[in-house]
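The lines below spell out each chain.
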Amino acid sequence: MHRKRLRFWIVAAAAAVTAALLVPAAQAAPGCRVTYTITSQWQSGYGASVSVTNLGDPVTSWRLTWTFTAGQTITQLWGGTHTQAGSKVTVDNAAYNGSLATGASATFGFNGSWNNAANPVPTDFAVNGTACTGAAPTTSPTVTPTVTPTGGTGTLPASFRWRSGPALIGPKSDASHSLAAVKDPSVVYYNGRWHVFASTASTAGGYNLVYLNFTDWAQAGAATHHHLDQSAIGTGYRAAPQVFYFAPQNKWYLVYQTGNASYSTTTDITNPRSWSAPQHFYPSMPDIIRQNIGNGYWVDMWVICDTANCYLFSSDDNGHLYRSQTTVANFPNGFSNTVIAMQDSNKYNLFEASNVYKIKGTNQYLLLVEAIGSDGKRYFRSWTSTSITGPWNQLAASESNPFARANNVTFDSGAWTADISHGEMIRDGHDQTLTISPCQLRYLYQGKDPNAGGDYNKLPWKLALLTQSNSTC
């Protein structure tokens, strides 16, 4: 906190809340989204920005209402007109921002007063008199439910075949980011959009994170890249993200490596500036990792939860896969009991980039680990278990029978890569259980020009999508 004369300026991380608002069916098909962000805060006063996004049929006007719970008062508002009766606030659109096409947004801002003790974000937003429920009314005949991105239940085969198209997502440099690669993707399907997080590798070999979203994979290449160093995540080494919604807390988590196992949170996955500053799962590298890492690197943190516990996996580029655990109730704190979950005397057989998933409709889990083959090319091995803690049984785990390798992939437009490297399964949901359907698996992976060489940190990785071609379902 900095004191400046008699005013106390508080550096406030943006506090945001997002709710799906449903306009009455007689007016338009649902729905819309509201983001309320506290942009600055000082003694007795604060500033806020509110954005209303129309996700349904076009509307010609909107009225937003909410209730303050700690005596806040609006003193000045722009971008609309407001009235306040006690704690109840009503904001009507301005003349220029009432008409909202599908996907369009209107933003207004205000200054207000608060009690210097608490300034909670409102939670009871309503539009045109309808309470924010986060779901479409069941009586509305126009509602199109969110479709799961995969499929039903079935069994995994003993061997896999895949198809791949060309690279879909490549690096996009700008005035502040000179990039060589986009890599290490994580992806969820939420509210009708694909949300992709990935590492960026600069032409100088530095790493940070990027976010993009789109409704169809055909749009992926044109999607806007939002660099997360512009959020509270900040600059410096951040890499290998994993994203999921932690339902017990109603928060999104972004897990990534910073030299430690780190995470940030948000309530609005669509707002790239809303992520919190990095926090660590561990105070320092666990002793068992320090004792076994050798000349490797502590990399690729991965979190998955069952009904009772959450587990954090990581690798060391030295043939070891580690696992820690804490309770769901204590997450993200309390990760302890770090053990070696799997090891191999040939470090290249168990190198990095592990994924663990729950198989939909079964009591089975799938483990994937990236390996480096005898030809120096990267590929994935796989194991299954009835428990996240193992034991793990080989499924497709050799160069001749891999989970995913160039030798079991058919490329639709020519083999643009010989590496099938660090990626993420397309999940059946988006929560902390990381559930996938075994039917026609899809895997977002990184590949590169087979002729590219040199410094690993500057290799030209791009992202593409594998689709299983021998589904048993």
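Everything that follows concerns the structure shown earlier in this document.
Residues numbered from 1 in each chain as written. Predicted model: local features only at pLDDT ≥ 70, side-chain atom pairs only at ≥ 80, totals over all residues. Heavy atoms only, no water.

A. Structural detail: the overall build of the protein. The helix and strand tally for the protein stands at 1 helix and 34 strands. Classification of the 473 residues of the protein by burial places 51% in the buried group. With an accessible surface of roughly 19,700 Å², the protein has 49% of that area assigned to carbon and sulfur atoms. (Helix = DSSP H or I, 4+ residues; strand = E, 2+ residues; numbered from the N terminus. Buried < 20%, exposed > 50% of the residue type's maximum accessible area, 1.4 Å probe, protein only. Areas by Shrake-Rupley, 256 points an atom, 1.4 Å probe, with all protein chains shown as cover.)

B. View of the pairing of strand 27 (residues 365-372). Buried residues dominate strand 27, accounting for 8 of its 8 residues. Both faces of strand 27 are covered, namely the face carrying Y365, L367, V369 and A371 and the face carrying L366, L368, E370 and I372. Here 5 bridges tie strand 26 (residues 352-359) to strand 27, and the two strands are oriented antiparallel to one another. Following the sheet pairing, E352 is matched in strand 27 by E370. (Pairing = 2+ DSSP bridges.)

C. Seen up close, the pattern of salt bridges. All chains considered together, the criterion is met by 10 salt bridges. A salt bridge links R378 to E352, with the nearest nitrogen and oxygen atoms 2.7 Å apart. Taken as a pair, R378 in strand 28 (residues 378-385) and E352 in strand 26 lie far apart in primary sequence, 26 residues in all. Exposure remark for E352: the relative accessible area of 9% places this residue in the buried category. In this structure, a network of salt bridges that share partners links the residues E352, E370 and R378. (Salt bridge = Lys/Arg side-chain N within 4 Å of Asp/Glu carboxyl O.)

D. Main features of the sheet that holds strand 28. Spatial strand order, 29-28-27-26-32: 5 strands in an open sheet with mixed pairing. The two strands at the open ends of the sheet, each matched to only one other strand, are strand 29 (393-394) and strand 32 (435-436).

E. Representation of the sheet that holds strand 20 (residues 261-266) within the structure. Spatially, the 4 strands line up as an open sheet ordered 18-19-20-21, and their pairing is antiparallel. Every interior strand has two partners, whereas the edge strands, strand 18 (239-246) and strand 21 (279-280), have only one. Here 6 bridges tie strand 19 (residues 251-257) to strand 20, and the two strands are oriented antiparallel to one another. Note on strand 20: the bridge partner recorded for W252 is T266.

Read these as geometric descriptors, not functional statements.
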